[in-house]
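So the chains spell out like this:
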Amino acid sequence: MKLLLGLLVPPVGIFLTYGVGPTLFINIGLTLLGWLPGSIHALWAITKHNEMERSV
C-alpha cells in the first residue's frame, strides 16, 4: 500500500513510512520540481526502509 501511495502521491507514502522529518521535506521539494522525481525518491526511500526493517 505504501509503495502504491509513493507512486501516486509521493509525500503521503513517505509520511506514512517515515513521519515528519528530513526525508519528507526532501520528497516534497522533489515533488514540487516534478511528479517523477518525487515518485522515484519515494519508491527508493520506502523500499530502503523496508529492507532495513527486515535486516534488523
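Residues numbered from 1 in each chain as written. Predicted model: local features only at pLDDT ≥ 70, side-chain atom pairs only at ≥ 80, totals over all residues. Heavy atoms only, no water.

### Structural notes on the overall build of the chain
Line of reasoning, step 1. Each helix and strand in the chain was counted, giving four helices and zero strands.
Line of reasoning, step 2. Listed N to C, the secondary structure of the chain is α-α-α-α in terms of helices and strands.
Line of reasoning, step 3. For 56 residues, the compact-globule estimate of 2.2 N^0.38 gives 10 Å, and the C-alpha radius of gyration of the chain, at 10 Å, lies within 12% of that figure.
Line of reasoning, step 4. Its C-alpha atoms give the chain principal-axis dimensions of roughly 35 × 20 × 15 Å.
Line of reasoning, step 5. Residue pairs at least 24 apart in sequence account for 48% of intrachain contacts in the chain once pairs closer than 6 positions are excluded. (Helix = DSSP H or I, 4+ residues; strand = E, 2+ residues; numbered from the N terminus. Rg over C-alpha atoms; globule rule 2.2 N^0.38 Å. Contact = heavy atoms within 4.5 Å.)

### Considerations on the side chain of His 41
Line of reasoning, step 1. By the element assignment, His 41 lies in helix α4 (residues 35–55).
Line of reasoning, step 2. Each residue touching His 41, except ones within four places of it in the same chain, is listed here: Ile 14, Thr 23, Ile 26, Asn 27 and Leu 30.

### Some words on the UniProt feature "transmembrane region" (unreviewed entry) in the chain
Line of reasoning, step 1. Feature annotation in UniProt places "transmembrane region" (unreviewed entry) on residues 25–46, given in this structure's numbering.
Line of reasoning, step 2. Secondary structure content for residues 25–46 is 95% helix and 0% strand, and the end C-alpha separation is 15 Å. (UniProt positions renumbered as here; feature names shortened; annotations may be inferred.)

### As for the nonpolar core
Line of reasoning, step 1. Core analysis: the biggest nonpolar cluster contains five residues, these being Ile 14, Leu 24, Ala 42, Ala 45 and Ile 46.
Line of reasoning, step 2. Residue contributions to this core peak at three residues, all from α4.
Line of reasoning, step 3. Beyond its immediate sequence surroundings of up to four residues, Ile 46 is in contact with Lys 2, Leu 3, Gly 6, Gly 13, Ile 14 and Thr 17. (Core = buried A, V, L, I, M, F, W, Y, C linked by side-chain atoms within 4.5 Å. Buried < 20%, exposed > 50% of the residue type's maximum accessible area, 1.4 Å probe, protein only.)

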